[in-house]
Every structure is written in structure tokens, then in C-alpha cells.
Amino acid sequence: MHPTILDAFIRTNGEYSLPYGSDEWTERAKEKIKEACGSTEAQVFFLTGGTQTNATVIHSLMNSFQGVICVDSGHINTHEAGAIERTGHKVITLPAVNGKLTAETLDDYLRAFFADSNHEHCVIPGMVYITFPTELGTIYSKSEISTIYDICKRRNLVLFIDGARLGYGLMAEGNDVDLPWLTAHCDVFYIGGTKMGAICGEAVVFTHNNMPKHFFSYVKQQGALLAKGRLTGIQFDTLFTDGLYFKIAQHAIDMAMKMKAMFTSHGYGFWGDSPTNQQFVLIPDSKLARFQEHAAFDIWGPDGNGNTICRFVTSWATTGKDLADLEHIL
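Residues numbered from 1 in each chain as written. Predicted model: local features only at pLDDT ≥ 70, side-chain atom pairs only at ≥ 80, totals over all residues. Heavy atoms only, no water.

**Concerning the packing of helix H12 (residues 244–265) against helix H14 (residues 320–329)**
Then step 1. It is at 11 Å that the axes of H12 and H14 come closest, and there the two elements cross at 15°. As far as their axial angle goes, H14 and H12 are roughly parallel. Crossing handedness for the pair H12 and H14: right-handed. On H14, the residues touching Met255, Lys258, Met259, Met262 and Phe263 of H12 are Leu323, Leu326 and Glu327.
Then step 2. Along the lines of polarity and charge, the residues of the contact of H12 with H14 split into six nonpolar, no polar and two charged. (Axes fitted to C-alpha atoms, helices over the stretch in contact; angles between N-to-C directions. Helix = DSSP H or I, 4+ residues; strand = E, 2+ residues; numbered from the N terminus. Parallel < 35°, antiparallel > 145°, perpendicular 65-115°, else oblique. Left-handed = near helix turned anticlockwise from the far one by under 90°. Contact = heavy atoms within 4.5 Å. Nonpolar A, V, L, I, M, F, W, Y, C, P; charged D, E, K, R; others polar.)

Pasting the structure below:
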């Protein structure tokens with residue numbers, strides 16, 4: 001975790017507090033997040049992990065006969081071990097374009113679905129789920145999100161934005177979305193802490209005073225309620241003091257852009273163009289084993305042209321020495 005958060009834990013460790021998120025740090029963190037979102041009607045609840053957050057939020061906002069729409073590469077469809085289906089809700093997948101759901105694809109699907117006279121026999125779409133940034137490190141524009149949100153409102157669907165890596169999208173070059181705008185253009189999103197310098201934690205924001213009744217009980221049923229709620233409260237209170245959350249994101253992106261330039265200068269290509277801290281590098285298969293001896297990265301899969309797609313990720317902890325070591329490897 002970021003050392004500022006570690007310091008906050010040490011500094012407050014001897015203080016007593018109420019449990020289950022009723023502590024002073026959690027309350028202060030909620031107010032700071034609402035201020036950052038520019039909304040007095042936003043409601044904030046802290047959970048500890050992304051999969052847990054997705055499963056709890058989705059389950060709490062849908063009827064038993066409803067499913068959630070996302071792209072085929074979406075996190076809830078690929079990397080959550082069926083957590084959403086386990087709550088009884090089908091994940092309805094649509095094809096992605098550069099990791100993103102397009103308004104045209106969504107509109108075409110919904111039009112065809114509701115035109116079917118037998119649609120009541122099917123899983124009814126109740127929510128649209130997108131990630132910002134996407135699994136491929138791409139970002140949605142204001143225009144793309146607002147068009148999707150308009151479709152959701154017209155069809156009475158909830159728009160849920162997974163922000164596990166939200167800070168990296170907000171600080172990416174070319175991004176035109178900020179927290180107040182995002183708050184006004186979806187029904188619920190979360191501000192990821194786990195991937196943003198916290199040891200754990202996600203801040204769920206219900207944007208329009210629309211937190212489900214008894215959401216606390218939904219969280220408890222999912223096994224997601226912390227008795228020591230201060231664990232997340234202290235972290236988000238720290239992250240949203242003096243702009244630390246955004247500074248962490250900016251540093252990671254600065255390091256990622258230097259890393260990207262480094263790979264480029266050595267003749268390596270990329271699988272897509274990501275402006276975030278995730279860079280998908282094409283490593284020739286002949287060099288992959290040697291790379292794995294010296295660096296840690298994710299294998300994303302073959303590109304079909306003799307290369308392996310490898311995900312390199314930066315964070316608050318990435319240093320100039322790390323990049324120098326990578327330069328040496330290259």
C-alpha cells in the first residue's frame with residue numbers, strides 16, 4: 001500500500017471507534033468523496049474487493065429474473081469465476097469494439113429483444129455494466145457514456161460503471177470525463193482503491209440517492225461486511241486528502257508512457273493503444289521465455305502472428321530504477 005496510508009493506520013491504531021462503518025474516518029471519507037463527485041445526494045458505501053463489489057451491487061439492484069449486459073471481454077464475464085451467475089443473474093454478453101460497448105450494439109440488441117413477442121420467457125435485461133477504463137486500457141468519452149446512459153434511461157435499465165481502475169482513466173491523456181460528470185451520467189459506479197495504492201477497498205457511489213433499501217443487509221448476506229469498517233474508511237479518507245488519489249494515478253500513467261516509449265524505441269509493437277497504466281506489448285514468441293526470467297507481467301494470449309500479448313502494468317510504486325532495469329532487459 002501507499003506509505004501515506006500505512007502511516008495513517010499507524011497514527012490511528014490506538015484510537016477506539018464504532019464498528020461496521022460507523023467510525024469517524026468512514027464518515028469523513030464519505031463526505032470527501034461526495035465533495036469530489038460534486039453531489040450532495042450521492043450515497044457512498046465501502047467494500048473490500050472488486051469482484052465482491054460487482055456481485056453485491058448487481059444482485060441488490062436487479063430482480064431475480066433479470067440479467068446484466070456487458071461486453072464479451074468485460075471483467076464480470078471473464079475474470080470473476082462466475083460470481084455474478086452465482087447470485088442468480090445471467091451475464092448477457094455483446095461484442096466489444098476496442099474493449100468498449102457501443103451505443104449502436106446496445107440499442108440494436110435491446111430493440112431486437114423487446115420486439116420478440118416471447119421476450120417475457122427470456123432473461124430480461126435489467127442493467128448495463130461497463131468498465132472505465134476497459135479491460136484493454138481504453139477509455140470511454142463523454143459522448144459514448146451519455147449516449148449509453150440515454151438508452152438505459154429510455155429502456156429503464158441501470159447503468160453501472162466498474163471503476164476498479166477509475167483513477168487511471170480519469171488522469172489519462174485525452175480523457176474528457178471527471179468525477180462530477182460521471183456522477184451525473186450513471187446510476188452507480190465505484191472508485192477503486194485496491195489497484196490505486198490501498199491495501200484493499202472500493203467506494204461504491206449510488207449517484208442519485210438511489211442506494212437500495214437495506215443495502216447493508218445485502219452486503220452482509222454476501223459475506224462482504226467488515227466489522228472493522230475503519231480499515232476502508234481510513235484508506236479512502238487518506239486517498240481523498242490533498243488529491244492523493246489523483247497524484248497516484250498520474251504517477252502511474254507517467255511511468256506507463258515512459259515504459260511505452262521505451263518498448264517502442266526497441267521496436268516492439270502494441271495490441272491496441274492504451275493511454276492508461278496498462279500496456280499490452282507484443283513480445284515475439286522466440287523472446288518470451290527470456291523475458292519471463294527477468295520481468296513479471298501477464299500473458300494475455302497469442303496475437304496469431306508469432307507474438308504473445310503481454311500486459312505490463314505500472315502503479316504508484318513504479319520507480320525510475322524499475323524502468324532502468326526494464327531498459328537493461330530490453
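Back to the write-up after that little detour.
**Re the sheet that holds strand S7 (residues 202–206)**
Then step 1. If you walk across this open sheet you meet the seven strands as S1-S7-S6-S5-S4-S2-S3, and the pairing is mixed. A single partner strand is all that each edge strand has here, and the edge strands are strand S1 (43–47) and strand S3 (91–94). Shown here is a sheet whose adjacent strand axes are inclined to one another by a mean of 25°, direction ignored.
Then step 2. Together, S1, strand S6 (188–192) and S7 form the strand contacts of helix H11 (residues 230–239), whose direction differs from that of S1 by roughly 120°. (Pairing = 2+ DSSP bridges.)

**Focus on empty space enclosed by the protein**
To find leftover empty space, one rolls a probe the size of a water molecule over the atoms.
Then step 1. Counted by the stated rule, this structure contains one cavity of 30 Å³ or more.
Then step 2. Here the largest cavity is characterised by a volume of approximately 60 Å³.
Then step 3. Along its surface, the largest cavity is lined by Val71, Ser73, Gly74, Gly99, Tyr129, Ile130, Thr131, Thr134, Glu135 and Tyr140.
Then step 4. Among the elements that line the lining of the largest cavity, the one with the most residues is strand S4 (residues 124–131), at three residues.
Then step 5. Along the lines of polarity and charge, the residues of the lining of the largest cavity split into four nonpolar, five polar and one charged. (1 Å grid on protein atoms, 1.4 Å probe; cavity = no way out; pocket = protein on both sides within 12 Å on 5 of 7 lines; lining within 4 Å. Points joined across faces, edges and corners; volume = space filled by probe spheres on them.)

**Details of the layout of surface pockets**
Then step 1. One number sums up the size of the largest pocket: a volume of about 360 Å³.
Then step 2. Around the largest pocket, the lining is made up of 17 residues, and of these Ala295, Ala296, Phe312, Val313 and Leu326 lie nearest the centre.
Then step 3. Counting residues per element, the ones that place at least two in the lining of the largest pocket are strand S11 (307–313) and H14.
Then step 4. The element that contributes the greatest number of residues to the lining of the largest pocket is H14, accounting for five residues.
Then step 5. Classifying every residue of the lining of the largest pocket gives nine nonpolar, four polar and four charged.
Then step 6. Here the second largest pocket defines a volume of roughly 250 Å³.
Then step 7. Taken together, 13 residues line the second largest pocket, and the ones lying closest to its centre are Asn13, Glu15, Ser17, Lys228 and Arg230.
Then step 8. For the lining of the second largest pocket, the secondary-structure elements that each account for two or more residues are helix H1 (3–12) and H11.
Then step 9. The dominant element in the lining of the second largest pocket, judged by the number of residues it contributes, is H11, at three residues.

**Looking at unusual backbone geometry**
Then step 1. Residues phenylalanine 132 and proline 133 are joined by a peptide bond in cis, for which omega reads -5°.
Then step 2. On the secondary structure map, proline 133 appears in the loop between S4 and helix H7 (142–155).
Then step 3. Positive phi is not limited to glycine here, since histidine 214 has a value of about 65°.
Then step 4. Relative to the helices and strands, histidine 214 resides in the loop between S7 and helix H10 (215–221).
Then step 5. Backbone geometry places aspartate 242, a non-glycine residue, at a positive phi of 60°.
Then step 6. By the secondary structure assignment, aspartate 242 is in the loop between H11 and H12.

**Things to note about the sheet that holds strand S10 (residues 298–302)**
Then step 1. Strand order across the open sheet formed by four strands is S8-S9-S11-S10, with antiparallel pairing between neighbours. Strands with a single pairing partner mark the edges of an open sheet, and in this sheet they are strand S8 (269–270) and S10.
Then step 2. Bridging between S10 and S11 involves four bridges; their strand directions are antiparallel. Its bridge partner lying in S11, proline 302 is registered against threonine 308.

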